[in-house]
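As a plain string of letters, each chain reads:
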Amino acid sequence: MDLGEGFPEWTELGQDSGLDPLGMQRPIEIIYQSIIPGISTITLRYRYYSFFPFILRHYEDNIRHPDPRVFRVFQRKCEALFALICTYEEPDVGITGYNWAKRTLDHARGLSDEAAVIDFTVDADPDADENLRYLRNKGGAFGAIYATQMSEMGLIHFPKAGDPNPNPVCSDVALKLADAFASELGVLAAAFFEAAADGKIALSSLKSFEAMKPSRLKFGSAEHNLLTEIILGKLDNPSPIDLKRRSTLQMLLDVSAASHSIPDQEYVKWFWFENVPELHDGGSASQVSQLWFLYQACDLMRLAYETILSAALTLLAAAPRRRMTLTALTDELVSAAAVSEDETWDEFADRMTDGAATTIVREHAKAMLAAKDQGEIAEQVHAAISLIALLYTRMSEAANLIDEELSGAEYFQSIRTELKFLDHIRSSLVDSVVEKMIRERILKRHLWVASRKFRNQKAYTFLMEPEESQLRYRDKFSVAPSSPRIKQALDFLRDIGLVDEGGITQLGRAELAAA
């Protein structure tokens, strides 16, 4: 899998602040983006994938102005009106612009007049003051959230350089979706575009458009059938990424059937990790289940390293003048790890896994994060080192899979680079290995990543910084498991009726049976 060129970049994966202090997140993102394409952590309702073709087709057929600003004003007016419709009376969740729509509707209702007219012209204007816009991002929900994912699903085409039409257009299948969506509205389709063009709508008129709400998708309709076929990659000539998404969604249906619920994302990740098909002979990159196994292993290695970095920052913050030398800080962390001084890394790793249950990795990861949350430095470092040893042994069966999927540049630190590091010194005493790991692969690694971000992106991201031969505490960061779009995929499956609170539905079972 090609990681591309460049240095570690800011991401949003698993961090409240968007910080990637060890530059380990990009390889993780690339894995899950390849096996659940067309869905992101901020694409919250699947029916937007019908709504946007509906408005794109109208623009192409009736307006077709080449100026991107004209398109953007039209698009934002449609989105603002859609938000008002979806928030009126019983609001749908996951609607972009919901907070603005609720405030606007509450104000209109406060006038005690159902004939009150809502004017959203200024709110939809991309050049209006940020505080007045229904969504601050000028690209709106389409440009900022859905367009890229819809392109991955083959629903829209972006213009190429020199194209006479610089605006995105529908693919053939998206045109079918647009027609199906319009068919559900009937004569209201024209009324919607009239109101959007005016930038005004009467409060009393909003209810008439409720068929547009994501929650009002009619199961068995042409639109519903198309949405189901698209997301499951069942159309003619599915692409390789369609087939990978299909495999992931079928796996989710299987888990939902077994759990008799819509499973929690963490439950799903652990279920797939602990129930992966045999990895002897190195595994096969063609099996999506094995890629999810690799994803979880990569994320666990990141969590273990970041937990040790977090412990280092806690020690620094408590030190006199919030300063320690690199050697003193490393020594304290090695002491906290409480490893034996008379066994090698190989022996330590073998002892950790000897006779262990299949859940041993999960138990150590849970203990590590619990200790971090409780501020128990010794326990969090010890649990992190134990988790790394467990991963070292467990992943030995997946050597070919790791090499195939994580063969990018070495400056992206990943489970591949760290297993390679440990392999080189596996015959060394475990305390020496832990000392090198903490010093070189975590503490000095963070300084390298932060210096690169400062040099290339002008972003000052040092959590600790060198000062007069010491390290000075600067800031803390959040350590959390990543969020690989599983929740959003389950939400999409719920939107098309394949799962509900009781788990897999009859529609979902029918799809599994036909797979």
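Residues numbered from 1 in each chain as written. Predicted model: local features only at pLDDT ≥ 70, side-chain atom pairs only at ≥ 80, totals over all residues. Heavy atoms only, no water.

1. So, the sheet that holds strand β7 (residues 470-473)
The antiparallel open sheet is built from three strands, whose spatial order is β5-β7-β6. Every other strand in the sheet has two partners, leaving β5 (323-324) and β6 (464-467) as the edge strands with one partner each. The pairing of β5 with β7 spans two bridges and is antiparallel. Considered in β7, the bridge of M324 is made with L471. Contacts from helix α12 (residues 288-318) reach β5, β6 and β7, with the element oriented near 90° to β7. (Pairing = 2+ DSSP bridges. Helix = DSSP H or I, 4+ residues; strand = E, 2+ residues; numbered from the N terminus. Contact = heavy atoms within 4.5 Å. Axes fitted to C-alpha atoms, helices over the stretch in contact; angles between N-to-C directions.)

2. Some remarks on the packing of helix α2 (residues 48-62) against helix α6 (residues 140-152)
Relative orientation and spacing of two packed helices are given, respectively, by the angle between their axes and the distance between those axes. Where α2 contacts α6, the axes come no closer than 11 Å and their chain directions differ by 105°. On the basis of their axis angle, the class for α2 and α6 is roughly perpendicular. Contact with α2, carried on its side by Y48, Y49, F52, P53 and L56, involves A141, F142, Y146, Q149 and M150 of α6 and no other residues of that element. In terms of residue class, the contact of α2 with α6 is built from nine nonpolar, one polar and no charged. (Parallel < 35°, antiparallel > 145°, perpendicular 65-115°, else oblique. Nonpolar A, V, L, I, M, F, W, Y, C, P; charged D, E, K, R; others polar.)

3. Some points on the pairing of β7
Consecutive residues of a regular strand have side chains that alternate between opposite faces of the sheet. Across the two faces of β7 the burial differs, with L471 and Y473 buried and Q470 and R472 not buried at all. As defined by bridge partners, β6 adjoins β7 across four bridges and the pair is classed as antiparallel. Opposite E467, over in β7, you have Q470 as the bridge partner. Between β6 and β7, which pair antiparallel one after the other, the connecting turn spans two residues, and E468 there sits at a positive phi close to 50°. (Buried < 20%, exposed > 50% of the residue type's maximum accessible area, 1.4 Å probe, protein only.)

4. Here's the deal with the state of the cysteines
All told, the structure shown has zero disulfides when counted by the stated rule. This cysteine, C86, is not joined by any disulfide, and C78 carries the nearest cysteine sulfur, 13 Å off. Judged by relative accessible area, C86 falls into the buried class, the value being 0%. Distance from the sulfur of C170, which forms no disulfide, to the nearest cysteine sulfur (C78) is 12 Å. (Disulfide = S-S within 2.5 Å.)

5. Describing the environment of R362
Mapping R362 onto the fold places it in helix α15 (residues 360-374). With a relative accessible area of 33%, R362 lands in the partly exposed category. Taking the C-alpha atoms as reference points, R362 and F120, separated by 242 residues in sequence, lie 50 Å from one another. Of note is the side chain of R362, whose polar atom sits 2.8 Å from the side chain of E274. (Polar contact = N/O pair within 3.5 Å; in protein donor to acceptor, adjacent residues only side chain to side chain.)

6. Some remarks on the nonpolar core
Of all hydrophobic cores here, the largest spans 168 residues; its most connected members are F51, F192, W345 and I385. No other element matches α12, which puts 20 residues into this core. (Core = buried A, V, L, I, M, F, W, Y, C linked by side-chain atoms within 4.5 Å.)

7. Here we look at a negative patch on the surface
Together, E341, D342, E347, D350 and D354 line one region of the surface with negative charge. Residue position: E341 is located in the loop between α13 (326-337) and α14 (345-353). (Patch = residues over 30% accessible without salt bridge, like charges linked within 9 Å, V, L, I, M, F, W, Y side chains within 5 Å. Areas by Shrake-Rupley, 256 points an atom, 1.4 Å probe, with all protein chains shown as cover. Salt bridge = Lys/Arg side-chain N within 4 Å of Asp/Glu carboxyl O. Lys, Arg positive; Asp, Glu negative; His and termini not counted. Charge placed at Lys NZ, Arg CZ, Asp CG, Glu CD.)

8. Digging into the confidence of the model for the protein chain
Summing up the model confidence of the protein chain, the mean pLDDT is 92 and the portion of residues at 70 or higher is 94%. This stretch, residues 1-18, has a pLDDT under 50; its non-local contacts, to residues over four places away or in other chains, come to 63 contacts. (pLDDT = per-residue confidence, 0-100.)

9. Considering the pattern of salt bridges
Following the criterion strictly, the structure yields 37 salt bridges and no others. Across the salt bridge formed by R323 and E467, the nearest N and O atoms sit 2.6 Å from each other. Residue R323 is found in strand β5, and its partner E467 is found in strand β6; the two are separated by 144 residues along the sequence. Overall, the relative accessible area of 26% leaves E467 in the partly exposed class. Each of the salt bridges in this network shares a partner with another, and the network as a whole consists of R69, D125, D127 and K138.

10. Describing the environment of D342
Of note, D342 is situated in the loop between α13 and α14. Along the primary structure D342 and S428 are separated by 86 residues, whereas in three dimensions their C-alpha atoms are 9.9 Å apart. There is a polar contact of 2.4 Å between the side chain of D342 and the side chain of S340.

11. Topic: helix α20 (residues 486-495)
With eight of its 10 residues buried, α20 lies for the most part within the structure. Of the positions making up α20, those classed as buried are I486, Q488, A489, L490, D491, F492, L493 and D495. Packed against the buried residues of α20 are α2, α9 (222-231), α10 (240-259), α11 (265-274), α12 and β8 (499-500). G497 sits one or two residues past α20 and shows a positive phi near 75°.

12. A word on the packing of aromatic side chains
Within the structure shown, the criterion is met by 34 aromatic pairs. Measuring from centroid to centroid gives 6.2 Å for F74 and F193, while their planes differ by 15°, and the two rings are stacked. One end of the pair, F74, is in helix α3 (residues 68-87); the other, F193, is in helix α8 (residues 188-198), and 119 residues separate them in sequence. The class for F193 is buried, based on a relative accessible area of 9%. An angle of 45° between the planes, with centres 4.9 Å apart, marks the rings of Y460 and F462 as tilted. Classification of Y460 by relative accessible area gives partly exposed; the value is 39%. Overall, F462 belongs to the buried group, its relative accessible area being 10%. (Phe/Tyr/Trp six-rings, centres within 6.5 Å; stacked < 30°, edge-to-face > 60°.)

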